[in-house]
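Coordinates in review
This is what each chain is made of:
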Amino acid sequence: MINKMIMQKFLTTFLISMPLLLFAQRITISEDIPLRSEVAYEIIGSFKDRILLFRDRVTEFEIQAFNHQMRESWSKKLNLEKRSPKVLGFVASDTDFTLIYRYRDRNHTIVKAHRYDPAANLRDTFTIKDFGFLFYTPNFQLIRSEDKSKVLIYYVENQSVFRAISYDAIKMEVLWEKSFAPENMNFWEDFQQALVTDTGDMYVVLTKNRLRYRKDDHYYEVFQLDGTPQTPLRYHMPVGGEKTTYDVRFVYDNRNDQLVGAGLISDKNPERAAGYFYIRSPLGFDSDFLFSFDYFDDEFIASLAGKAADNKGILEIVVQDVVLRRDGGAVLVCERARELMRAMGSPRAMSMGVRQIVDHYHDDAFVISIHPDGRTHWRTILYKKQYSQDDNGIYSSFFLFKSPTNIRLLFNDEVRFENTVSEYIVYGNGSFDRKSLMSTANLDLRLRFRDAIQLSSDEVVIPSERRNRLKLVRLQYEEGN
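These lines cover the structure that appears in this document, whether it is placed above or below.

**So, the environment of H68**
- Within the secondary structure, H68 sits in the loop between β6 (61–66) and β7 (72–78).
- We classify H68 as partly exposed; its relative accessible area is 25%.
- When the C-alpha positions of H68 and R50 are compared, they lie 6.8 Å apart, and in sequence the two are 18 residues distant.
- Apart from residues no more than four positions distant in its own chain, H68 is found in contact with T28, D49, E459 and R474.

Structure below.
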């Protein structure tokens, strides 16, 4: 028995310190990183063969570097202003990274940028905006452009006024600053999404008249802000009174200079997906506006909903991502997901108060490829089944890994301490393969795929969090796989 325990411990240590070569993937796991007083951590990216991890402890901030064997190379404390600093986010280039944060100074709210080299040495600072005295602390939102060169920082005042700043992270300069208030906006009901382009333009998308009891037609209202005096410009993207959108994700197509959206439509029940739609507009050219849709057929619904299938659509579907095609089309990625809250406890416990338990279900996904003219190219169902309890679903769902030739969905087969990690590889013609990547048995891993970061076209880093200990798992695909 003792020899067996020693051998098991030896194998576990060996697997942690050495790469795992499984199915033409190289998997390397770091040693334990204790999480003590962290409120957040974030994988920043890869610089000069070092993967950088940011650790936020409210009043103390640290960068840790890991080499390609996932051993810690060095760590460094970051010095930020001491008056209530709060990190808003990072933007990384090939040669450096920028930390953007806000803090208080003599009752002023200030947003600032620090630029660091790959060794986390401070190289430059820039005060993006001193907002002066405010009666409250704004809930700043930060969005990065596709090429990671521009950053949009905005907040909504009194649920009615957008206040936004476009910042060039490469030149370290503010491109523009503007405020605008859309007419008759109910923020909680209307706001859909904000985006920033590679040139620093901002787009705000509002959903109008979505519920069927509205007498007016359903449409999307889009506002464009840039550095010119005449903005914001307003665009009207009609959906039509007979159709109601169920869920949607917009992306800006910098290659083809257009706004693209894809999502789900409903028929009689606004919470049940009856089909999907594609919307595209080279903004400023109303004649090129396109809205197309297609309903799910009975076979597709039955494949997803099983015995509960009917011709009224499918419940509990959410849009997880929209991937742009080079020709201006889009790939819509959706998942069946739901939460169920229930009471649990003994009669005695019930008399003292009911304990609420939340069940999280993340089941089958499906992928739909759409041509630029709105026609369906193909659609594919990817079967999986994940269940967890009281964990906010952080170990469920999947990570979407993108490459020029395919997309991959990486996920835990089951949400438990020892399970198999799998992937679906979806090719450009809609065909797919399912593969097992690794087993987490004896590795003390619980992978959070939703928080993974893609470093290149063949490399991804996935955080694992278990018992207040963090590990970083580096997965690299070998050439041709």
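**Quick word on the side chain of R446**
- Considering the arrangement of structural elements, one finds R446 in the loop between β34 (432–439) and β35 (453–456).
- Comment: no salt bridge for buried R446; closest opposite-charge side chain is D391, at 4.8 Å.
- Dropping the residues within four chain positions of it, R446 is found in contact with Y395, V415, R416, F417, P463, S464, E465 and R466.

**Considerations on the pattern of salt bridges**
- Applying the stated criterion across every chain yields a total of 33 salt bridges.
- Across the salt bridge formed by E38 and R57, the nearest N and O atoms sit 3.1 Å from each other. You can see E38 sitting in the loop between β3 (33–34) and β4 (40–47) and its partner R57 sitting in the loop between β5 (50–56) and β6, a full 19 residues away along the chain. Accessibility assignment for this pair places E38 and R57 in one class, buried.
- Note that E221 is salt-bridged to R234, the shortest N-O span being 2.3 Å. With E221 in strand β18 (residues 219–225) and R234 in strand β19 (residues 233–238), this pair connects stretches of sequence that are 13 residues apart.
- Accessibility expressed as a relative area gives 6% for E221, which makes it buried.

Conventions we followed
Starting from 1, residues in each chain are numbered consecutively following that chain's sequence as written. Thresholds applied to this predicted model are a pLDDT of at least 70 for local features of residues and 80 or more for the giving and counting of side-chain atom pairs; totals over whole chains, interfaces and linings are not thresholded and use all residues. Processing note: side-chain calculations cover all non-hydrogen atoms of the structure and skip hydrogens and water entirely. Every helix listed is a DSSP run of H or I at least four residues long, and every strand listed is a run of E at least two residues long, numbered separately from the N terminus. A 1.4 Å probe rolled over the protein chains alone gives each residue an accessible area, and that area as a share of the maximum for its type sets the label: buried under 20%, exposed over 50%, partly exposed in between. By definition in these notes, contact holds between two residues if any of their heavy atoms fall within 4.5 Å. Positive charges come from Lys and Arg, negative ones from Asp and Glu, while His and the chain ends are left out of the count. Any Lys or Arg side-chain nitrogen located within 4 Å of an Asp or Glu carboxyl oxygen qualifies as a salt bridge.

Function-wise, these values are silent; they only describe arrangement.
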